[in-house]
Amino acid sequence: MSTNATAAARIVVVDDQHANVALLQRILRHAGYLRVRGLTDPRSALEVCTGWAPDLVILDLHMPDIDGVAFLEILRSAQAPTDFVPVLILTADATRDALKRALEAGANDYALKPLHADEVLLRVRNLLSIRVSHEALKHHNSTLAAQLRDLTRWADEQALHHAQVTARVRDAIASGGPNMVLQPVVELATGQTVGYEALARFGSSPVRPPDAWFADATAVGLSAELELLAAQSALDLLPAISGDQFLTINVSPATLLTNTFRQLALQAANSRVVFEITEHQPIDDYEAVATFSHQLRTHGARLAVDDAGAGFASMQHILKLQPDFIKLDIDFTRDIDRDPIKTALSGALASFAKQIGATIIAEGIETAQELQRLRELDITYGQGFYLGAPEPLSHYTRRATAPGR
C-alpha cells in the first residue's frame, strides 16, 4: 500500500483489555496508520463499525457480553452482499475449535497472543491490500454495470427507433410507394427536352426528403422493396412520354442485383430507358454490376452514373462500368460561372467523357449564367430548376395537348 493509502485506512481495534487496545494503537500509528479507533466495549464497537465504515477490524475472540464470534456474526449480517471488511482475530486461544468457529463466522485471518508487532503489521497490510483490491473491483464492476445500463438503454432506444422506422417505411410501401415526378433533361445547345429523370416524392407522414426515406429503408433492410416500387411507378409513366424522349430511373447497386429488379429491368429495357446508378451505396461487386449492365445494354437500355465528381466512388463507377451518361454533380454546377476551378474540372470531365463515348448531363442548373458557362464548355445535356422543376406527368401531358402546340 502507498503511504497515503496507509494513512487513510480506517482501522477499528476491539478488545476488552485496555492495555491490548493501547498497544495495538501504538504499533499501528508508529507504522503510519493514523486513523485507528480502539474500543473495549463490543456494543460500542458495532455502532462504530456501522457508522464509520472501517477498512479493517482487529478483534479479540473472548470478550464478555459479546464474544468475537457473535460480534463477527452481527457484523457480517449487517453488511451488504457486495461489502467486504476484513477481520483479523487476535487471541490467546490457540485451540482448533476456537479458530474454526472464528473463520466460519467470517474472520479472514488470525494471530496469536502475545502480540508480535512485525507479524501483526504484515497481516494488517495484507488484509488492507485485499480490501483495496476488493473496493477497486467493486468500483470497476459498478462502472461496468453503469456502462451496461447505458448500453442496454441505448440498445432499447435503437430497437424502438428501428421499429418505428420499419413501421414508417412499411406503411409507405403498403400505400404503393412514392409518387413519381419528372424533371426534364434538356439539350443545352437547343433548349429541347430530350428526356426526363423520374424522381420520388413521398406524401406519407412525416414529410421528409426522398433521400431520407430511402436512407431509412436501407437502414431497416427494405431499400429493395421501396426502390422496386419507385422503379415500377417510373416505368408506368414511360408510355405517356414522347417517343423520342428517354426516362432515367434511379437504382442503388444493391437493388440492381436483386432477382426481382433484374426481371423488371430486363422486361422494360429499351433505348428509351436509362438506369442511373446512385452513389449513396458502395458497389461491392463491380463485375456482377458490369455483367448485368451489359445484359441491359443488349436490350437497348443505357446506363448513367450519378454525382460525378462528388467523390471517389462515382469516378470508380465511371471507370468500372463505362456508362452512357455521366451526371455532373450539382456542387460542380453551382456558381460555375464564377469559379475557374469548377470550370476547369468540369471542362476536363467533359473532354474525358467524349473520349470514352459518354455524354455529360449537368445537374442543378439554377441560373442563366451557369447555363451559359456550361454551353461554353460544350456540356451536352443539363437539368435543374432553371430549365424545369420536377412536376407530375400531368403537367407535361397538359402542355403537349394545349391548344396551339
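These notes cover the structure that comes with them. The shown structure was predicted, so the numbers you read here are calculated from the model rather than taken from an experiment.

1. So, a nonpolar patch on the surface
Next, step 1: Judged by side-chain polarity, Leu103, Tyr110 and Leu112 come together as a nonpolar surface patch covering roughly 240 Å² of accessible area.
Next, step 2: Tracing the backbone shows leucine 112 in strand β5 (residues 109-112).
Next, step 3: Assessed through its relative accessible area of 35%, leucine 112 is described here as partly exposed.

2. Digging into the packing of aromatic side chains
Next, step 1: Enumeration over the complete set of coordinates arrives at seven aromatic pairs.
Next, step 2: On the basis of an interplanar angle of 10° and a centroid distance of 4.9 Å, the ring pair of phenylalanine 202 and tryptophan 213 is categorised as stacked. On the criterion of sequence distance, the pair formed by phenylalanine 202 in the loop between β7 (193-201) and α7 (210-219) and tryptophan 213 in helix α7 is long-range, its members being eleven residues apart.
Next, step 3: Each residue in the set Phe202, Trp213 and Phe214 is aromatic and connected to the rest through ring pairs, giving one cluster.
Next, step 4: Here the guanidinium or amino end of arginine 37 rests over the ring plane of tryptophan 52, the centre of that ring lying 5.3 Å away.
Next, step 5: The ring of tyrosine 286 has lysine 320 lying over it, and the distance from NZ or CZ to the ring centre is 5.9 Å.

3. Observations regarding the nonpolar core
Next, step 1: If you look at the biggest cluster of nonpolar residues, it comprises 46 residues, and the most contacted ones within it are Leu182, Leu247, Ile249, Leu256, Phe261, Phe275 and Leu296.
Next, step 2: If sequence neighbours within four positions are ignored, phenylalanine 261 has contacts with Leu228, Ala231, Val251, Thr255, Leu256 and Phe275.
Next, step 3: With 24 residues, the next largest nonpolar core counts Val14, Leu46, Leu75 and Ala98 among its residues.

4. Side note on the environment of glycine 357
Next, step 1: Summarising the element assignment, glycine 357 is placed in the loop between α14 (340-355) and β12 (359-362).
Next, step 2: Put simply, glycine 357 and aspartate 324 are 33 residues apart on the chain and 7.1 Å apart in space, counted from C-alpha to C-alpha.

5. Quick word on the environment of isoleucine 356
Next, step 1: Turning to its location among the elements, isoleucine 356 is positioned in the loop between α14 and β12.
Next, step 2: Classification of isoleucine 356 as partly exposed rests on a relative accessible area of 39%.
Next, step 3: The spacing of isoleucine 356 and leucine 115 is 241 residues in sequence and 97 Å in space, taken between C-alpha atoms.
Next, step 4: Not counting residues within four places of it along the chain, the set of residues in contact with isoleucine 356 comprises Ile318 and Ile326.

6. Focus: the pattern of salt bridges
Next, step 1: Following the criterion strictly, the structure yields 21 salt bridges and no others.
Next, step 2: With a shortest N-O distance of 2.7 Å, arginine 208 and aspartate 216 are connected by a salt bridge.
Next, step 3: Ionic pairing is found between arginine 338 and aspartate 335, a salt bridge with its closest N-O pair at 2.6 Å.
Next, step 4: With a relative accessible area of 63%, arginine 338 lands in the exposed category.
Next, step 5: Each of Arg10, Asp55, Asp83, Arg131, Glu135 and Lys138 takes part in one network of salt bridges that share partners.

7. Quick look at the sheet that holds strand β1 (residues 10-14)
Next, step 1: One open sheet holds the five strands; their spatial order is β2-β1-β3-β4-β5, and the pairing between them is parallel. Each end of this open sheet is capped by a strand with a single partner; those strands are β2 (35-39) and β5. Taking each pair of neighbouring strands and ignoring which way they run, the sheet shows an average axis angle of 15°.
Next, step 2: Taken together, the five bridges between β1 and β2 define a ladder with parallel strand orientation. Bridge pairing links valine 14 to leucine 39 in β2.
Next, step 3: Sheet strands touched by helix α2 (residues 18-30): β1, β2, β3 (56-60) and β4 (87-91). Its angle to β2, the strand with the most contacts, is close to 175°.

Analysis parameters
- Residues numbered from 1 in each chain as written.
- Predicted model: local features only at pLDDT ≥ 70, side-chain atom pairs only at ≥ 80, totals over all residues.
- Heavy atoms only, no water.
- Patch = residues over 30% accessible without salt bridge, like charges linked within 9 Å, V, L, I, M, F, W, Y side chains within 5 Å.
- Areas by Shrake-Rupley, 256 points an atom, 1.4 Å probe, with all protein chains shown as cover.
- Salt bridge = Lys/Arg side-chain N within 4 Å of Asp/Glu carboxyl O.
- Helix = DSSP H or I, 4+ residues; strand = E, 2+ residues; numbered from the N terminus.
- Buried < 20%, exposed > 50% of the residue type's maximum accessible area, 1.4 Å probe, protein only.
- Phe/Tyr/Trp six-rings, centres within 6.5 Å; stacked < 30°, edge-to-face > 60°.
- Lys NZ or Arg CZ within 6 Å of the ring centre and 35° of its normal.
- Core = buried A, V, L, I, M, F, W, Y, C linked by side-chain atoms within 4.5 Å.
- Contact = heavy atoms within 4.5 Å.
- Pairing = 2+ DSSP bridges.
- Axes fitted to C-alpha atoms, helices over the stretch in contact; angles between N-to-C directions.

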